[in-house]
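Observations on the model geometry
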Amino acid sequence: MAAQPLIIDCDPGVDDAIALFLALASTEDLDVLGITTVAGNVPLPLTQYNARRIVHLAGRTDVPVFAGCPRPMLCPPVTAEHVHGTTGLDGAILPEPTAPLQAQHAVAFLINQLTQASTPITLATLGPLTNLAVALVQCPDIAQGINRVVMMGGAMGLGNVTPSAEFNLYADPHAARVVVEAGLDLTMVGLEVTHQVVTTPERLAALAAIDTPVGRVATDLLRHYGQLDADRYGLAGSPLHDPCVIAYLLQPDLFTGRPIHLAIETDSPLCLGRTVVNPYPNADQPANATGLETAAADGIYQLLTERLAKL
Ligand code: BDR
Ligand code: CA
């Protein structure tokens, strides 16, 4: 089978970085057409720079990196340095990138690719949805060029940045609403799923055993990442959110899910950015997304370890 064309929209971010490594290593399955970056975990100048550092370390400077929106549509910017460090990739030493940032804006790249695609393109969204929402507002026809959107964001019931909302959708709830209401084939990889995929000492040791530059950076990053969440939720390790999106594209049988009706709260101060999920869609609230429910963590870490060893 031909590799599926993919654009990754992200805000690296430690778990974004691991997701990028996984995708960039999977050349037989994924044809990564470009990486678009957005303000999120850290400001845009850092997310685009971090994406280029990852691409460089992975030896994939053939994959262009674009900078997109520097702020959310309406809300003030929110960042997560307390999780990812002030650089966004604290804990590891990464090389300076040699490939320049693309001159084209990420939104223009998305519109260009999606309106000219001969094969519809899959979108993996790992950060706030500002770039995709702006592209949909500017050019609704891009929907025809989208095969599917697999989004890390939201939750069936949990929150992380607030008790009611997950970071990516809280950071730009209006963008999330535009995307959810666009009638796309949408899969939500929410917190209940990513909290099943945690970096235990044994899994970290398997990654460390790769002992290559990429393996060492991935291990260093993960060693410093996510203890806050592990403590708060009583998990055996830190949740590996964004790589679940790529793992799902590579091996969907590692996950289960169900049709859901998904809506985004954009008004209530207490519930801003909440994914309001009806797991029992009906005539009034028909299914408009797939909500993933379970993830086979051992299989996902095995896939990750095998693929990262190829870089
Ligand atoms: C999401 O928020 C970010 O901090 C992570 O990179 C991930 O995309 C988890 O809520
Ligand atoms: Ca992210």
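Now for a description of the structure that goes with this document. Note that this is a predicted model, so its numbers are computed, not measured.

Of the regular secondary structure elements, the protein chain holds 13 helices and 11 strands. For 311 residues, the compact-globule estimate of 2.2 N^0.38 gives 19 Å, and the C-alpha radius of gyration of the protein chain, at 18 Å, lies within 12% of that figure. Its C-alpha atoms put the protein chain at 55 × 45 × 40 Å along the principal axes. The buried share of the protein chain, reckoned over its 311 residues, is 58%. Looking at the protein chain alone, contacts between residues at least 24 apart form 83% of all its contacts between residues at least 6 apart. In the form shown here, the protein chain has an accessible surface area of approximately 12000 Å², with 54% of it arising from carbon and sulfur atoms. Each charge sign in the protein chain was given a centre, from 14 positive and 30 negative side chains, and these centres are 3 Å apart.

What follows is about the packing of aromatic side chains. Here the distance between the centres and the angle between the planes together describe a pair of aromatic rings. Considering all chains together, one arrives at 2 aromatic pairs under this definition. Centroid distance Phe-66 to Phe-109: 3.9 Å. Interplanar angle 20°. Geometry classified as stacked. Here Phe-66 is found in strand S3 (residues 65-67), whereas its partner Phe-109 is found in helix H4 (residues 106-116), with 43 residues between them in sequence. A residue is classified by how much of its surface remains accessible, and Phe-66, at 3% relative accessible area, is buried. We classify Phe-109 as buried; its relative accessible area is 4%. Taken together, a centroid distance of 5.5 Å and an interplanar angle of 90° make the contact between Tyr-248 and Phe-255 edge-to-face. Assessed through its relative accessible area of 11%, Tyr-248 is described here as buried.

What follows concerns the nonpolar core. In this structure, Ile-8, Val-32, Ile-35, Ile-246, Phe-255 and Leu-308 are the most contacted members of the largest nonpolar core, which totals 60 residues. By residue number, the principal contributor to this core is helix H1 (residues 14-25), which donates 9 residues. Those residues in contact with Phe-255 that sit more than four places away from it in its chain are Val-193, Cys-244, Ala-247, Tyr-248, Leu-292, Thr-294, Ala-295 and Ile-300. Formed by 34 residues, the second largest nonpolar core is a distinct cluster that contains Ala-106, Ala-133, Leu-169 and Val-277.

Around the calcium ion (ligand 2), the protein supplies Asp-11 (OD), Asp-16 (OD), Asp-16 (OD), Leu-126 (O) and Asp-242 (OD) as donor atoms, at distances of 2.2 to 2.6 Å. We note that the donor set of the calcium ion (ligand 2) lies within a single chain, spaced as D-x4-D-x109-L-x115-D. One end of the pair, Asp-11, is in the loop between strand S1 (4-10) and H1; the other, Leu-126, is in the loop between strand S4 (121-125) and helix H5 (130-138), with 115 residues separating them in the sequence.

Take empty space enclosed by the protein next. According to the stated counting rule, one finds 1 cavity of 30 Å³ or more in the structure shown. Estimates place the volume of the largest cavity at around 30 Å³. Asp-9, Leu-110, Leu-123, Thr-125 and Leu-132 together form the lining of the largest cavity. Taken together, the residues of the lining of the largest cavity sort by class into 3 nonpolar, 1 polar and 1 charged.

Let us now look at the pattern of salt bridges. Scanning all chains against the criterion turns up 8 salt bridges. We note a salt bridge from Asp-29 to Arg-307, for which the minimum N-O separation is 2.9 Å. With Asp-29 in the loop between H1 and strand S2 (30-37) and Arg-307 in helix H13 (residues 297-308), this residue pair connects regions lying 278 residues apart in the sequence. Looking at Asp-29, the relative accessible area reads 30%, which means it is partly exposed. Given the relative accessible area of 16%, Arg-307 is considered buried. In this structure, Glu-293 engages Arg-258 in a salt bridge whose closest nitrogen and oxygen atoms are separated by 3.6 Å. Remark: Arg-258 occurs in strand S9 (residues 255-264) and Glu-293 occurs in strand S11 (residues 289-295); sequence separation between them is 35 residues. Accessibility expressed as a relative area gives 32% for Glu-293, which makes it partly exposed.

As a further point, take the site of ligand 1. Around ligand 1, the surrounding shell consists of Asp-15, Asp-16, Asn-41, His-84, Leu-126, Met-152, Asn-160, Glu-166, Phe-167, Asn-168, His-241 and Asp-242. At a separation of 3.0 Å, an oxygen atom of ligand 1 approaches a polar side-chain atom of Asn-168. Burial of ligand 1 by the protein amounts to 96% of the accessible area it has alone, namely 280 Å². A molecule is said to occupy a pocket when more than half its atoms come within 2 Å of that pocket's grid points, and by this definition ligand 1 occupies the largest pocket. Only H1 and helix H6 (167-171) provide two or more residues apiece to the shell around ligand 1. Class assignment of the residues belonging to the shell around ligand 1 gives a composition of 3 nonpolar, 5 polar and 4 charged.

About the thresholds
Residues numbered from 1 in each chain as written. Chains lettered and ligands numbered in written order. Predicted model: local features only at pLDDT ≥ 70, side-chain atom pairs only at ≥ 80, totals over all residues. Heavy atoms only, no water. Helix = DSSP H or I, 4+ residues; strand = E, 2+ residues; numbered from the N terminus. Rg over C-alpha atoms; globule rule 2.2 N^0.38 Å. Buried < 20%, exposed > 50% of the residue type's maximum accessible area, 1.4 Å probe, protein only. Contact = heavy atoms within 4.5 Å. Areas by Shrake-Rupley, 256 points an atom, 1.4 Å probe, with all protein chains shown as cover. Lys, Arg positive; Asp, Glu negative; His and termini not counted. Charge placed at Lys NZ, Arg CZ, Asp CG, Glu CD. Phe/Tyr/Trp six-rings, centres within 6.5 Å; stacked < 30°, edge-to-face > 60°. Core = buried A, V, L, I, M, F, W, Y, C linked by side-chain atoms within 4.5 Å. Donors = N, O, S within 2.8 Å, 3.2 Å for Na, K, Ca; no water. 1 Å grid on protein atoms, 1.4 Å probe; cavity = no way out; pocket = protein on both sides within 12 Å on 5 of 7 lines; lining within 4 Å. Points joined across faces, edges and corners; volume = space filled by probe spheres on them. Nonpolar A, V, L, I, M, F, W, Y, C, P; charged D, E, K, R; others polar. Salt bridge = Lys/Arg side-chain N within 4 Å of Asp/Glu carboxyl O. Near = heavy atom within 4 Å. Polar contact = N/O pair within 3.5 Å; in protein donor to acceptor, adjacent residues only side chain to side chain. Sits in = over half its atoms within 2 Å of the grid points.

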